[in-house]
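Listed here are the chains, written in short residue letters.
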Amino acid sequence: MNQLFDFTVNKDTNTIHITREFAADLDLVWDAFTKAEMLDQWLAPKPWRTQTKEMDFREGGRWLYAMVSPENVSHWSLVEFIKIEDKSFFSGRNTFSDENGKSISSGFSLTSNTFKATGETTTVYVEKKFDSLSTLEMMVAKGFKEGMAMAMSNLDEYLLTLVTSK
Amino acid sequence: MRRDIFQAIADPTRRAILVLIAVQAMTPNAIAEHFDITRQSISRHIRILSQCDLLAQKQEGREIFYQLKIDKMKEIDIWLDQFRKITEEGFQRLDQLLLTLKNKKK
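Peer 1: Please give an account of the overall build of chain B that cites residues and values.
Peer 2: A count of helical and extended segments in chain B gives 5 helices and 2 strands. Beginning at the N terminus, the succession of helices and strands in chain B can be written as α-α-α-α-β-β-α. Taken across its 106 residues, chain B has 20% of its residues classed as buried. Within chain B, contacts between residues at least 6 apart in sequence are counted, and of these 58% link residues at least 24 apart.

Structure below.
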């Protein structure tokens, strides 16, 4: 199965554009992006897992979840939902937080997700705008760490240099 | 202090300096002419860029010319490529989940 996957970066606006086609109908794909019990099943790279603490999917509501390491260390993230159009569009503001949803970094990204039924498949357009390139780097560093925790011992050192130089 | 490329590009003035010196080697004075800020703060930006190991220097008489080490800018592309991979792998897990759910429905 070779599905459409497009990933482009605009460095001038700190924005990433992603287009992906999924072999399922709109209802199912919408649920996979908006229901905690489904997000928890696919978002985290193994051996990490996603754990939702709060999910309130409505405009002004929030999703508080953690990426949990194999050693049971939780890295919390918060999404505050801004605009929702059922089975068509939602946008939110993403930050790194503590377990109560209190932001732990000034960096954030704004994400908008657009869903379109395309016959038997569904196409999702994601636009992710970072407040700065360093936030993007931090997100990548965290995601990278989660994905390849074992191989990247130098990343901790790298993150430390970012923190201590602030 | 060790610095990295992301600190270099976190600042709009430094990004603009990088664009200028990507095209040609320039003296600090020539760089400063493009900006409406003090020569002192231009020097500070140049120092940070230099600490990030982004600048090649050459001396001509009394003048120092700075030029961008273009290879260093590729580091950010490496990070972006990692982000692409993380995203792609997440979507592949979602493909599997959708497939499982569809088969359950049948």
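Peer 1: For the nonpolar core, give the residues involved together with the corresponding values.
Peer 2: F22, V29, A32 and W42 of chain A together with L94 and L98 of chain B are the most contacted members of the largest nonpolar core, which has 15 residues in total. Secondary-structure elements contributing two or more residues to this core are α1 (26-34) and α2 (36-42) of chain A together with α5 (74-105) of chain B. Of all the elements, α1 of chain A adds the most residues to this core, at 3 residues. Ignoring sequence-local partners within four residues, the contact set of A32 of chain A consists of M38 and W42 of chain A together with L94, L97 and L98 of chain B. By size, the runner-up hydrophobic cluster in this structure holds 14 residues, among which are I5, L18, M26 and L49 of chain B.

Peer 1: Break down the sheet that holds strand β4 (residues 62-68) of chain A for me, with residues and values.
Peer 2: Residues and elements named next belong to chain A. Read across the sheet, 8 strands follow the order β1-β2-β8-β7-β6-β5-β4-β3 without closing on themselves; strand pairing throughout is antiparallel. The sheet is open, and its two edges are formed by β1 (5-10) and β3 (49-55), each paired on a single side. Here the strands of the sheet are splayed against their neighbours by 20 degrees on average, with no regard to which way each runs. Across 10 bridges, the pairing between strand β7 (residues 109-118) and strand β8 (residues 121-130) is antiparallel. Residue pairing in the sheet places A117 in a bridge with T122 of β8.

Peer 1: Please provide a residue-by-residue account of the packing of helix α2 (residues 12-23) of chain B against helix α4 (residues 39-51) of chain B, values included.
Peer 2: All names here are of chain B. The interhelical angle for the contact between α2 and α4, taken along N-to-C directions, is 75 degrees, at an axis separation of 10 Å. Classified by the angle between their axes, α2 and α4 sit roughly perpendicular to one another. Counting all contacts with α2, which are made through T13, R14 and I17, the residues of α4 involved are H45, I48 and L49.

Peer 1: I'd love a proper account of the pairing of strand β2 (residues 15-22) of chain A, names of residues and values included.
Peer 2: Residues and elements named next belong to chain A. Residues of β2 alternate between two faces, with I16, I18, R20 and F22 buried on one and T15, H17, T19 and E21 left unburied on the opposite face. Pairing of β1 with β2 involves 6 bridges; the strand directions are antiparallel. Bridging across to β2, V9 finds its partner in I16. In this antiparallel pair of consecutive strands, β1 and β2, the connection spans 4 residues, and N14 shows a positive phi of 55 degrees.

Peer 1: Give me the lowdown on unusual backbone geometry, citing residues and values where you can.
Peer 2: One non-glycine residue with positive phi stands out, namely N14 of chain A, at about 55 degrees. Its place among the elements puts N14 of chain A in the loop between β1 and β2. Taking the number of C-beta atoms within 10 Å as the measure of exposure, N14 of chain A has 17 and is therefore partly exposed. Backbone geometry at D53 of chain B places phi at a positive 60 degrees, although glycine is not the residue there. Mapping D53 of chain B onto the fold places it in the loop between α4 and β1 (55-60). Looking at D53 of chain B, the number of C-beta atoms within 10 Å reads 14, which means it is partly exposed.

Peer 1: Talk me through α4 of chain B; I want residue IDs and the actual numbers.
Peer 2: All names here are of chain B. With 13 residues, α4 extends 18 Å between its outermost C-alpha atoms, agreeing within 8% with the 18 Å of an ideal straight helix rising 1.5 Å per residue. Looking at α4, one finds that the buried residues are H45, I46 and L49. Each buried residue of α4 lies within a common arc of 100 degrees when the element is viewed along its axis, so the set occupies one face. Turned more than 90 degrees away from the buried face of α4 sit Q40, S41 and R47, all of them exposed.

Peer 1: Kindly report on the pairing of β4 of chain A, identifying the contributing residues and their values.
Peer 2: Residues and elements named next belong to chain A. One ladder, built from 6 bridges, connects β3 with β4; its direction is antiparallel. When the bridges of β4 are listed, T50 appears paired with M67. Here β3 hands over to β4 after 6 residues, with G60 in that stretch at a positive phi of 90 degrees. Bridge count between β4 and strand β5 (residues 74-85): 7 bridges; the pairing is antiparallel. Bridge pairing in β5 links L64 to L78.

Rules used in this analysis
Residues numbered from 1 in each chain as written. Chains lettered and ligands numbered in written order. Predicted model: local features only at pLDDT ≥ 70, side-chain atom pairs only at ≥ 80, totals over all residues. Helix = DSSP H or I, 4+ residues; strand = E, 2+ residues; numbered from the N terminus. Buried ≥ 20, exposed ≤ 12 C-beta atoms within 10 Å, placed from the backbone. Contact = placed C-beta atoms within 7 Å. Core = buried A, V, L, I, M, F, W, Y, C linked by C-beta atoms within 7 Å. Pairing = 2+ DSSP bridges. Axes fitted to C-alpha atoms, helices over the stretch in contact; angles between N-to-C directions. Parallel < 35°, antiparallel > 145°, perpendicular 65-115°, else oblique. Expected span 1.5 Å × (residues − 1). Arc of directions from axis to C-beta.

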